[in-house]
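So the chains spell out like this:
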Amino acid sequence: MEKFTVKAYGTQAPDAAIAQLSIDRRTVTANDVEIEILYCGVCHSDLHTARNDWGGTIYPAVPGHEIVGRVSSVGSGVTKFKVGDIAAVGCLVDSCRECEQCKNDLEQYCIPGFTGTYNGKDKHLNQQTFGGYSEKVVVDQHFVLKVPKNLDLAAAAPLLCAGITTWSPLKHWKVGKDSKVAVVGLGGLGHMAIKLAKGLGAHVTLFSRSPEKEKDALELGADQVIISTSESQMAEVGGKFDLIIDTVPYVHDVNHYIPTLNINGTIVLVGYLGDLNPMLNTVPMILGRKSVAGSVIGGIAETQELLDFCGEHNIVSDIEIIKMQDINEAYERMLKSDVRYRFVIDMASLKN
């Protein structure tokens with residue numbers, strides 16, 4: 001297969017910095033869309049993959065799966081896009097497309113496994129996939145998304161991961177105008193969960209350990225803030241919530257929040273991968289038919305639904321734009337939660 005070389009930023013080892021390198025992209029096939037990347041959001045998954053926190057990282061690794069750009073070339077069979085269009089790519093660039101999940105627009109749960117935008121298996125070039133910290137990306141048109149024209153492109157980039165990660169459970173658990181939703185954690189995922197739940201008409205509460213987060217949460221659309229370390233405040237919301245979206249990215253006590261669920265309520269984990277510690281106490285679950293669940297991103301149709309919804313309601317992420325050359329500093333700041341609420345790379349800086 002023909003290919004071409006582009007400039008990118010990636011890492012050669014778990015303990016190595018993100019630095020400039022060159023990667024190969026395939027020349028467009030009949031169904032491919034080539035995108036010149038304008039903006040790429042920075043996700044916790046980028047850092048975890050770069051540093052092999054989850055194991056299995058293939059090096060060199062080029063992160064980035066919140067991609068917004070301009071179409072620069074299309075294959076002969078492409079019907080959804082033309083050169084010059086604004087397009088987006090999220091966490092998926094391929095799947096088997098034949099299993100039950102794929103046929104039901106649930107590519108994120110592809111039974112043989114989806115192909116991630118980075119650190120996946122590139123079946124065309126027989127190598128790992130490389131992400132959005134690069135000049136261009138080439139993706140099958142099925143996995144390319146349309147961006148509403150009214151949205152700020154940089155601020156729309158995090159919708160491709162942080163947005164869809166919180167949108168998918170909101171839709172699955174049928175959140176609407178009579179719903180009572182709580183969000184645990186006010187970061188990249190948490191602030192999107194508040195905006196989207198409020199956009200759907202729900203009454204929204206933030207659980208936080210930090211009283212200083214109250215002002216920001218209310219400005220983002222939350223109706224109230226509960227300090228989770230306060231026994232009296234937690235008791236006041238006992239049995240209240242239909243859905244809790246837990247965005248905390250590290251091990252923490254989920255049992256603390258289960259008593260605040262209503263009958264049939266669910267707490268869904270979207271931020272943390274790994275063993276829970278302490279283990280789940282099933283007593284309040286059994287006595288109230290309460291559930292602890294997990295969710296990951298969304299399929300292509302659902303992600304397009306999210307983007308369209310955000311266009312209708314003018315919802316985007318709160319961002320800080322950085323240069324590609326500042327990515328290592330951004331990682332360290334992200335670990336300290338020193339960003340409100342998502343870094344986005346201006347990929348024009350890659351040309352410097």
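Located above this text is the structure these notes cover.
Computed from a prediction, not measured in an experiment: that's the story for all the values here.

K.L.:
Would you mind going over a nonpolar patch on the surface with me for this structure?
P.N.:
Judged by side-chain polarity, Val283, Ile286 and Leu287 come together as a nonpolar surface patch covering roughly 350 Å² of accessible area. Along the chain, Leu287 turns up in helix H8 (residues 283–288).

K.L.:
So what exactly am I meant to see when it comes to the side chain of Ser168 here?
P.N.:
Residue placement: Ser168 occurs in helix H4 (residues 162–172). When sequence neighbours within four positions are dropped, the list of residues in contact with Ser168 reads Gln108, Ser295, Ile297, Gly298 and Glu302.

K.L.:
Would you mind showing me how to read the pattern of salt bridges here?
P.N.:
Between side chains of opposite charge, a pair can form as their charged atoms come close. Per the counting criterion, the structure on display carries 17 salt bridges. Of the charged contacts, one joins Asp85 and Lys82 as a salt bridge, the two residues approaching to 3.0 Å between their closest N and O atoms. Between Asp94 and Arg97 there is a salt bridge, with its nearest N and O atoms 3.0 Å apart. Several salt bridges share partner residues, and in doing so they unite Asp94, Arg97, Lys123 and Asp140 into one network.

K.L.:
Explain unusual backbone geometry here, please?
P.N.:
Only a minority of non-glycine residues have a phi that is not negative, and only a minority of peptide bonds are not trans. Looking along the chain, the bond that leaves Tyr59 and enters Pro60 is cis, with omega of 0 degrees. With respect to the helices, strands and loops of the structure, Pro60 is situated in the loop between helix H1 (44–50) and strand S4 (67–74). Note the cis peptide between Arg340 and Tyr341, where omega equals -10 degrees. Looking at the secondary structure, you find Tyr341 in the loop between helix H10 (327–335) and strand S19 (342–346). Backbone geometry at Ser337 places phi at a positive 60 degrees, although glycine is not the residue there. In this structure, Ser337 sits in the loop between H10 and S19.

K.L.:
Just to check I follow, could you spell out the nonpolar core for this structure?
P.N.:
Inside soluble globular proteins, nonpolar side chains tend to come together where they are buried. Val42, Tyr133, Leu170, Leu196, Ile327 and Tyr331 are the most contacted members of the largest nonpolar core, which has 90 residues in total. No other element matches helix H5 (residues 188–199), which puts six residues into this core. Those residues in contact with Ile327, other than ones at most four positions away along the chain, are Tyr9, Ile18, Val42, Tyr133, Ile322 and Ile345. Among the nonpolar cores identified, the runner-up in size contains 16 residues, and Val254, Tyr257, Leu269 and Met285 belong to it.

K.L.:
Just to check I follow, could you spell out the packing of aromatic side chains for this structure?
P.N.:
Where two aromatic rings form a pair, the distance of their centres and the angle of their planes describe that pair. Within the structure shown, the criterion is met by three aromatic pairs. An angle of 40 degrees between the planes, with centres 4.7 Å apart, marks the rings of Trp167 and Phe309 as tilted. Placement of the pair is Trp167 in helix H4 and Phe309 in helix H9 (residues 300–313), with a sequence separation of 142 residues. Each of the two residues, Trp167 as well as Phe309, counts as buried. Measuring from ring centre to ring centre gives 5.5 Å for Phe207 and Phe241, while their planes differ by 80 degrees; the resulting arrangement is edge-to-face. Residue Phe207 is found in strand S13 (residues 203–208), and its partner Phe241 is found in strand S15 (residues 241–246); the two are separated by 34 residues along the sequence. An aromatic cluster of three or more residues is present, and its members are Phe207, Phe241 and Tyr257.

K.L.:
Mind showing me how you'd approach the sheet that holds S15 here?
P.N.:
What holds strands together in a sheet is hydrogen bonding between their backbones, with the strands either parallel or antiparallel. Judged by pairing direction, the sheet is parallel, and its six strands sit side by side in the order S14-S13-S12-S15-S16-S17 without closing on themselves. Because the sheet does not close on itself, it has two edges, and the strands there are strand S14 (224–227) and strand S17 (291–294). Within the sheet, the average angular offset between the axes of one strand and its neighbour, ignoring direction, is 25 degrees. Sheet topology places S15 next to strand S16 (residues 261–269); five bridges connect them, and they run parallel. Directly across from Leu243, in S16, lies its bridge partner Thr266. This element, H4, spans strand S12 (180–184), S15 and S16 of the sheet and lies at about 160 degrees to S15.

What counts and what doesn't
- Residues numbered from 1 in each chain as written.
- Predicted model: local features only at pLDDT ≥ 70, side-chain atom pairs only at ≥ 80, totals over all residues.
- Heavy atoms only, no water.
- Patch = residues over 30% accessible without salt bridge, like charges linked within 9 Å, V, L, I, M, F, W, Y side chains within 5 Å.
- Areas by Shrake-Rupley, 256 points an atom, 1.4 Å probe, with all protein chains shown as cover.
- Salt bridge = Lys/Arg side-chain N within 4 Å of Asp/Glu carboxyl O.
- Helix = DSSP H or I, 4+ residues; strand = E, 2+ residues; numbered from the N terminus.
- Contact = heavy atoms within 4.5 Å.
- Core = buried A, V, L, I, M, F, W, Y, C linked by side-chain atoms within 4.5 Å.
- Buried < 20%, exposed > 50% of the residue type's maximum accessible area, 1.4 Å probe, protein only.
- Phe/Tyr/Trp six-rings, centres within 6.5 Å; stacked < 30°, edge-to-face > 60°.
- Pairing = 2+ DSSP bridges.
- Axes fitted to C-alpha atoms, helices over the stretch in contact; angles between N-to-C directions.

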